[in-house]
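The chain contents come next:
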Amino acid sequence: MAIQRPGANLGNIAKALGVSVATVSNALSGKGRVSAELIERVRAKAAELDYTPSLAGRALRTGRSGVLGLVLPDIANPLFPQIAQAIEFAATNAGYGVLIADSRGSVSMQTEAINRLIERGVDGIVIVPRRGTRIADIGCPVAVIDSPSTPGNTVSADHWQGGQVVAEHLVSLGHRKLLLIGNNSASNVQNDRIGGMKSRLPVGGQADVLWIETHEQRHGKGCLLGLRALVEEGFTAFAAVSDLHALRALTELQSAGISVPGDVSVTGFDDLVWSSVVTPSLTTVRMDMAAIAEIAVAALVRVIEAEGGGGDGDPRTTTGTVVAADRTSVPMELVVRQTSAAPKTSFREDPKKPTKGERI
């Protein structure tokens with residue numbers, strides 16, 4: 001069995017190169033007067049000796065821990081591990097580690113999660129807030145990822161625009177009677193997605209909204225959504241605000257003997273990992289999580305590393321403790337797969353007259 005040796009320290013590198021520990025430290029940190037040739041030699045030797053910087057030493061030198069906190073609203077939802085991975089990757093590239101906390105959809109637990117991270121000395125926190133909540137001054141820099149309509153939002157996907165592109169897709173196929181499926185009306189993200197979809201309806205189009213939590217309060221947890229009856233009423237497209245709800249709609253429709261996309265179309269949001277492998281594969285809208293994470297982490301790190309803890313004089317840098325970014329929203333991308341197609345009875349638009357929604 002191979003024995004893994006412990007990583008080297010600055011002294012080991014200095015001894016191997018015949019230079020001082022201070023010179024090695026300056027070469028690795030980019031400080032002081034060290035030639036480019038010596039910097040290259042020090043870095044090569046550090047890699048050869050498996051040198052790992054000490055976070056404790058860094059904290060003593062800089063007063064910072066080199067760790068960011070990340071608060072997610074529900075780690076069991078398959079979307080949020082994808083967000084966590086993107087944040088961790090962006091933080092690593094910026095030289096930071098990440099501690100993750102789960103608020104489990106509770107405002108009180110969100111507050112507790114934030115407090116725990118602050119107690120552990122994180123330099124700043126990225127928060128995906130529990131729906132409908134605003135982040136107060138918590139005493140350290142915060143980047144908020146929610147929706148552009150949320151006060152204090154740092155950066156996020158453009159959820160309204162995402163709703164627009166999915167509605168445009170369905171309308172272009174000939175759908176005029178849509179059911180928009182949300183989970184909770186208190187969610188800024190869900191309201192923006194639904195608002196975007198409604199904004200792209202043509203004259204004569206119809207879009208009703210079904211809120212799942214409200215429906216379940218009346219009919220019981222996990223009940224049918226009543227989609228068969230809605231198909232009989234003439235709804236031809238079911239546009240959900242998440243892939244999870246789209247899968248629920250798809251399953252209910254197929255169990256009722258309704259073909260997707262033969263009879264009706266179904267669309268989702270977020271392009272979760274299984275959306276391309278279910279049968280039929282799901283038409284959905286994708287977030288550019290890598291771009292969102294990079295923008296959020298960069299805005300947070302800029303404040304953390306600024307002299308005086310963020311007072312660099314740039315009005316874009318921070319408002320209170322919530323950091324601001326140069327770019328506040330990132331466009332969403334439509335991913336067309338198998339669950340969307342033209343309805344059996346389509347609508348034709350006369351370019352000379354407003355659409356009336358007549359069947360032909």
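Everything numeric here is computed off the predicted structure, so don't read it as measured data.

Draft legend 1. Looking closely at the overall build of the protein chain. From N to C terminus, the protein chain includes 12 helices and 14 strands. Looking at the protein chain as a whole, 47% of its 360 residues qualify as buried. In the protein chain, 69% of the contacts between residues at least 6 apart in sequence involve partners at least 24 apart. Within the structure as shown, the protein chain displays about 17,700 Å² of accessible surface, and the carbon and sulfur contribution to it stands at 52%.

Draft legend 2. View of the pattern of salt bridges. Tallied over the full model, the rule gives 11 salt bridges. Notably, a salt bridge pairs Arg193 with Asp270, separated by 2.8 Å at the nearest N-O pair. Placement of the pair is Arg193 in helix H8 (residues 188-199) and Asp270 in the loop between strand S9 (265-267) and strand S10 (284-286), with a sequence separation of 77 residues. Like Asp270, Arg193 is buried. The partner of Lys344 in a salt bridge is Asp263, with the nearest N and O atoms 2.7 Å apart. Within this pair, whereas Lys344 is found in the segment after strand S14 (333-335), its partner Asp263 is found in the loop between helix H11 (243-255) and S9, the two being separated by 81 residues in sequence. One salt-bridge network, held together by shared partners, links Asp271, Arg286, Glu333 and Arg337.

Draft legend 3. Inspection of the pairing of strand S3 (residues 124-127) at higher detail. Side chains Gly124 and Val126 project from S3 onto one buried face, and the interleaved Ile125 and Ile127 project onto a second face that is buried too. When S3 meets strand S4 (residues 142-144), the two strands line up parallel, connected through 3 bridges. For Ile125, the partnering residue across the bridge sits in S4 and is Val142.

Draft legend 4. Summary view of helix H6 (residues 107-119). Its 13 residues place the ends of H6 19 Å apart at the C-alpha level, agreeing with the 18 Å of an ideal helix rising 1.5 Å per residue. Those residues of H6 lying buried are Gln110, Ala113, Ile114 and Leu117. All buried residues of H6 lie within an arc of 95 degrees about the axis, which places them on one face of the element. On the buried face of H6, the contacting elements are strand S1 (67-72), strand S2 (97-102) and S3. At the C-terminal side of H6, Gly121 shows a positive phi close to 80 degrees.

Draft legend 5. Representation of unusual backbone geometry in the model. Of the consecutive residues Val260 and Pro261, the connecting peptide bond is found in the cis state with omega at 10 degrees. Structurally, Pro261 is set in the loop between H11 and S9. Cis peptide bonds are those with omega within 30 degrees of zero, and the linkage from Thr279 to Pro280 qualifies with -5 degrees. For Asp270, which is not a glycine, the phi torsion comes out positive at approximately 100 degrees. Since its relative accessible area comes to 8%, Asp270 is described here as buried. Although it is not a glycine, Asp271 sits at a positive phi angle of roughly 50 degrees. Overall, the relative accessible area of 13% leaves Asp271 in the buried class.

Draft legend 6. Structural context of helix H5 (residues 79-93). In this model H5 runs 22 Å from its N-terminal to its C-terminal C-alpha over 15 residues, within 8% of the 21 Å that 1.5 Å per residue would give. The elements touched by buried residues of H5 are S1, S2, S3 and helix H12 (289-305). Phi for Gly95, located one or two positions after H5, is positive at around 90 degrees.

Draft legend 7. Examining the packing of helix H7 (residues 159-173) against H8 more closely. Direction vectors running N to C along H7 and H8 enclose 40 degrees, while the axes themselves pass 6 Å from each other. Between H7 and H8, the angle falls in the class oblique. Judged by the sense of rotation from one axis to the other, the crossing of H7 with H8 is right-handed. Residues His159, Trp160, Gly163, Gln164, Val166 and Ala167 of H7 pack against Val189, Asp192, Arg193, Gly195, Gly196, Met197 and Ser199 of H8.

Draft legend 8. Looking closely at the side chain of Arg193. We classify Arg193 as buried; its relative accessible area is 3%. Polar contacts involving the side chain of Arg193 include one to the side chain of Asp270, which spans 2.8 Å. The contact partners of Arg193, leaving out residues within four places of it in the chain, are His159, Gly163, Val241, Phe269, Asp270, Met287 and Met332.

Draft legend 9. Expanded view of the side chain of Thr236. With respect to the helices and strands, Thr236 occurs in the loop between helix H10 (227-232) and strand S8 (237-240). A polar contact of 2.7 Å, which involves the side chain of Thr236, links it to the side chain of His175. Leave out the neighbours within four places in its chain, and Thr236 touches His175, Arg176, Lys177, Val264, Ser265 and Pro343.

Draft legend 10. Up close: the packing of aromatic side chains. Within the structure shown, the criterion is met by 0 aromatic pairs. It is Lys177 that lies over the ring of Phe235; its NZ or CZ is 4.8 Å from the centre.

Quick notes on the rules
- Residues numbered from 1 in each chain as written.
- Predicted model: local features only at pLDDT ≥ 70, side-chain atom pairs only at ≥ 80, totals over all residues.
- Heavy atoms only, no water.
- Helix = DSSP H or I, 4+ residues; strand = E, 2+ residues; numbered from the N terminus.
- Buried < 20%, exposed > 50% of the residue type's maximum accessible area, 1.4 Å probe, protein only.
- Contact = heavy atoms within 4.5 Å.
- Areas by Shrake-Rupley, 256 points an atom, 1.4 Å probe, with all protein chains shown as cover.
- Salt bridge = Lys/Arg side-chain N within 4 Å of Asp/Glu carboxyl O.
- Pairing = 2+ DSSP bridges.
- Expected span 1.5 Å × (residues − 1).
- Arc of directions from axis to C-beta.
- Axes fitted to C-alpha atoms, helices over the stretch in contact; angles between N-to-C directions.
- Parallel < 35°, antiparallel > 145°, perpendicular 65-115°, else oblique.
- Left-handed = near helix turned anticlockwise from the far one by under 90°.
- Polar contact = N/O pair within 3.5 Å; in protein donor to acceptor, adjacent residues only side chain to side chain.
- Phe/Tyr/Trp six-rings, centres within 6.5 Å; stacked < 30°, edge-to-face > 60°.
- Lys NZ or Arg CZ within 6 Å of the ring centre and 35° of its normal.

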